[in-house]
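A look at the structure
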Amino acid sequence: MVRVWRALRAAPLPVALVALVALTGVALGRVYAGGLLTRLVVGAAVGSVLVSVAARRLPSWLVAPLSVAGLAGFTAWSLRVSADAAGLPGSLVEVAADAARNGIPRLLTAMIPVEPTPDTVLVPLVAAWLAGLAGAEVALRAGRVLLGYLPPALLYAGAVYVVGPNADPAVWPTVAFAAVAALGLAVPSGRPGPSGPDPTAGLPPGVRAAVRARLAATAAAGLVVVVGLAAVVGPVVAGRVDERPVDPRRYVEPPQVESLDENPLIRISGWALNPQQKLLDVTTERPGAPTGAPGPAGSPTGPPGATGNAAGSRSVRIRLAVLSDYDGVTWRVGATYRNAGRILPAAQPAPGATVETVRQEITVADLSGRLLPAVATPREVGGARVAYDPLTGTLIRPEGLTPGLRYTVTSAAEQPDNNLLATADVPAGDEVARVLRVADGVPDPMRRLADQLAEDNGAPYARAAAIEQFLAEHYRVVADAPSGHAYPNLGFFLFGPRNGGGQRGTSEQFAAAFAVLGRLSGLPTRVVVGFSSSGTGPVRAADAFAWPEVLFSGLGWVAFDPLPRPDDEPRPVEEDFRPAPEDPPPSEVPEPTVEPTQTPPQAGPARPVDSGGLSTPVLIGGGAGGLLLLVGAVLAALAGLRRARSRSRLSTGGPGQRIAGAWREVTDALRLAGRPVGGDLAATEIAEQARAALADARATRTAGATRTAGATRTAGATRTAGADREAGADREAGADREAGADREAGADGTAGVDREAGVVTRTAQTTGGAADPASDAVPPDLAELAGLLNQLAFAPGAAAAEQADRAAALAGEYVAALRAARPWWRRLLWSVHLGPLRWRP
């Protein structure tokens, strides 16, 4: 009986600790689906405190190992329970390892409500157990009750912070937490502290009074501090009650799609060229749907087309991606994916809409990327861990798709009431600005076509139907059309000559053109990429296509089908599209005719009439000068760009980048010299080829110089002989004149002619015998540069700045030598050649 009484007296404090830790599960469970997390946290609180209570008579150093063993067992059981509840495959070891690796990121990136899966319950369970262990040891074993409340309080604050603005304020859990803490302090536990029940027992009366006075003063000081803190901090806390809490999720990047998935629209043309490629295997069930019932038209579960007529087939439209952002060049997904569990958030269907449940089992074959195909809008996913974007209703698998992956999807296929489309309006404002945005640079013909189609159609649905009909009647679907949906591509698709490849394309161009024309007409549009399936069987590349969707108020997104019917022959665009007139139309009012009058003849020659403008020679001269200035500016710009490219390669970046840039200068020089290197050659082989190219260029130039020198020597000899004959004639003529004068004149003439002939001869000898500096210079050793490049390939971080300087010097010397060995007109073109600016490595 005494033991029972003591146990009852000691029970309030452990119960208070269990309640404090359990309230953390209540606060955190507000963002979880179901009550599994709360129950697991309560179990962790009870287990951790009971271990400490049961081991209170053991040494303190034994409690921690025993509690950790209990934590391991309870965590393993909890992970198995949560994995079974979520339907996750895999052994306990695989599930635990994955949860340990990704517990914190997935907890902070999971979609609200968070499904209690192993990776989203592991961190709360471990934290709750450790808080219960620490609080029990400090409060029960050490007797520091208030200090023992600190671990549960920190755990509760962390739970409130993790929830953030994603749930209503935790008012009653917080009040309950404070009340339990106060009761735990107020109810005596029956366990004395480390100093006994009365710290002044056994002391002399005088000392006892002094000790009690000191304790009272300390308690009063502590009370003053607590009241002061409450007075200072209370108003600050109260003033922030209505403020929106900070969401810690904004500091964690959610799962991202790959570049291939960011714009899956460009994959349409590739799939069209390989139509037999097997991408998926699909099995479809429609619970509750009568056999042979028509699928909803214009919806993701119906066949292409949103004309308001029910489709008679049971085809299923499987959605892969939704592209809402367009910058004039590329349509992009732009979705924010959050890790989700098996159950996805449910959306409220539109009033009057028909919702059909579609269950599919999908097996991945050759489809790559991270986007996970599913019928819109998915509600439950099994067999694969997914991330979900609620705005577009699309899924991704963060680990990526692998052949053989099998998963099940249950979707709610929604079909709006087609009778309401004709009078439906479209939303406007900041909420839909993203799907109304028209990027700059719209071609004028495209804008005029959108205005023409919207001219006689005031209702939004009528505008959308007019665009759909225009595209279906004037353009042809082909499988070999090139990919592209930028403004120039769409302009060529819409207005290009039919005999030159225009007015034909894949579903990529049809869907993108519809979406752009719709936005120009004021319709919120987007592009969807997916597959058409018969319901059961393989889905091949030929089943991939894109379709546009328009957002209507109260009805949601409605799909349209701008593709032409198979048997329809497209009409020329010129029949229905009025191009802008190039010249103003003539006036219908006839101009008055003036009868010619006979002008009397005027005497004298006729003079040209001065029109007051510039003369023809001036116009021609000005045009030619302007053209020369333009050519000079272009050449100067090219030369400047070439110099800037060389400086960037040789002096910008780390030593490794500079060595690679020096090698690129050498290979570009070889291409300029007409000796390009193959991509299969080693660096040493390229260096040897570069040495041979320089030697050949020097030999060619030396041979040309020798031929020029020979011609110069022949001309010099001819001039010398002529000069000698002229000198002899002068001497004969001088004989008829006075002897002294004749001899002096003859001497002077002979000397002048001899000097001239000597100069000519020496000039010819110099021209023929002098060595070409370009051919005498020692060629740079590119083998050293090749060695530096090989060193960079095998040891990227081992390059030094001195080696980079040496590489730049070798490259500069070689390029200068090779350029000097070229003919003069090729040297002029060398600096302005466009090739190095556009050649790729």
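Note that the structure is predicted; figures quoted are calculated from it, not measured.

Topic: the overall build of the protein chain
- Within the protein chain, the secondary structure is distributed over 25 helices and 18 strands.
- Within the protein chain, the proportion of its 841 residues that are buried is 40%.
- In the form shown here, the protein chain has an accessible surface area of approximately 44,600 Å², with 61% of it arising from carbon and sulfur atoms.

Considerations on the sheet that holds strand 2 (residues 316-323)
- The antiparallel open sheet is built from five strands, whose spatial order is 8-2-15-17-18. Among the strands making up the open sheet, the edge pair consists of strand 8 (374-375) and strand 18 (556-559).
- Pairing between strand 17 (residues 544-552) and strand 18: four bridges, direction antiparallel. Within strand 18, the position partnered with valine 550 by the bridge is valine 558.
- Helix 16 (residues 507-520) rests against strand 15 (525-533) and strand 17 of the sheet, and its axis sits at about 15° to strand 17.

What to know about unusual backbone geometry
- Cis rather than trans, the peptide bond between alanine 376 and threonine 377 has omega equal to -5°.
- Positionally, threonine 377 belongs in the loop between strand 8 and strand 9 (378-382).
- Phi angles above zero are rare outside glycine, and glutamine 503 is one such case at about 60°.
- Along the chain, the position of glutamine 503 falls in the loop between helix 15 (487-495) and strand 14 (504-505).
- Looking at glutamine 503, the relative accessible area reads 4%, which means it is buried.

Here's the deal with the environment of glycine 383
- In this fold, glycine 383 is placed in the loop between strand 9 and strand 10 (386-389).
- With 295 residues separating them in the primary sequence, glycine 383 and leucine 88 have C-alpha atoms 6.5 Å apart.
- Beyond its immediate stretch of four places on either side in the chain, glycine 383 contacts Leu405, Arg406 and Tyr407.

Section: the packing of aromatic side chains
- Here the structure, examined in full by the defined rule, presents 14 aromatic pairs.
- With a centroid separation of 6.0 Å and 40° between ring planes, the pair formed by phenylalanine 74 and tryptophan 77 is classed as tilted. Taken together, the residues phenylalanine 74 and tryptophan 77, both in helix 4 (residues 60-86) and three residues apart, mark about one turn of the helix.
- Judged by centre distance (6.3 Å) and plane angle (55°), the ring pair of tyrosine 461 and phenylalanine 552 falls under tilted. In this pair, tyrosine 461 is assigned in helix 14 (residues 460-474) and phenylalanine 552 in strand 17, connecting sequence segments 91 residues apart.
- In textbook terms, an aromatic cluster arises when at least three aromatic residues are bridged by ring pairs, as seen for Tyr461, Phe514, Phe552 and Phe560.
- Over the ring of tryptophan 547 we find arginine 317; its NZ or CZ atom is 4.4 Å from the centre of that ring.
- Over the aromatic face of tryptophan 557 sits the side chain of arginine 526, whose NZ or CZ is 4.0 Å from the ring centroid.

Brief notes about the side chain of glutamate 356
- For glutamate 356, the position within the fold is in strand 6 (residues 354-364).
- A distance of 2.9 Å separates a polar atom in the side chain of glutamate 356 from a polar atom in the side chain of arginine 286.

As for the pairing of strand 1 (residues 278-285)
- In this sheet, strand 16 (residues 537-540) lies alongside strand 1 in antiparallel orientation, the contact comprising four bridges. Bridge assignment links leucine 280 to a residue of strand 16, and that residue is valine 539.

A look at the pattern of salt bridges
- In total, this model carries 23 salt bridges according to the counting rule given.
- Across the pair arginine 385 and aspartate 119 runs a salt bridge, and its minimum N-O distance is 2.6 Å. Of this pair, arginine 385 sits in the loop between strand 9 and strand 10 while aspartate 119 is found in helix 6 (residues 118-141), placing the two residues 266 residues apart along the sequence.
- On the basis of relative accessible area, aspartate 119 is assigned to the buried category, the value being 3%.
- Close ionic contact of aspartate 668 with arginine 664 constitutes a salt bridge, the shortest N to O distance being 3.1 Å. In this pair, aspartate 668 and arginine 664 both sit in helix 18 (residues 655-672), four residues apart, roughly one turn of the helix. Take aspartate 668 and arginine 664: they sit in the same class, and that class is buried.
- Overlapping salt bridges, with partners in common, bring together Asp98, Arg101, Arg106, Asp119, Arg385 and Glu399 in one network.

As for the confidence of the model for the protein chain
- When the pLDDT values of the protein chain are averaged, the result is 78; 77% of them are 70 or greater.
- Segment residues 191-196: pLDDT under 50, and five contacts once partners within four positions in sequence are set aside and those in other chains are kept.
- Across residues 714-718 the pLDDT falls below 50, and counting only partners more than four positions away or on other chains, this stretch makes one contact in the model.

Rules of the game
- Residues numbered from 1 in each chain as written.
- Predicted model: local features only at pLDDT ≥ 70, side-chain atom pairs only at ≥ 80, totals over all residues.
- Heavy atoms only, no water.
- Helix = DSSP H or I, 4+ residues; strand = E, 2+ residues; numbered from the N terminus.
- Buried < 20%, exposed > 50% of the residue type's maximum accessible area, 1.4 Å probe, protein only.
- Areas by Shrake-Rupley, 256 points an atom, 1.4 Å probe, with all protein chains shown as cover.
- Pairing = 2+ DSSP bridges.
- Contact = heavy atoms within 4.5 Å.
- Axes fitted to C-alpha atoms, helices over the stretch in contact; angles between N-to-C directions.
- Phe/Tyr/Trp six-rings, centres within 6.5 Å; stacked < 30°, edge-to-face > 60°.
- Lys NZ or Arg CZ within 6 Å of the ring centre and 35° of its normal.
- Polar contact = N/O pair within 3.5 Å; in protein donor to acceptor, adjacent residues only side chain to side chain.
- Salt bridge = Lys/Arg side-chain N within 4 Å of Asp/Glu carboxyl O.
- pLDDT = per-residue confidence, 0-100.

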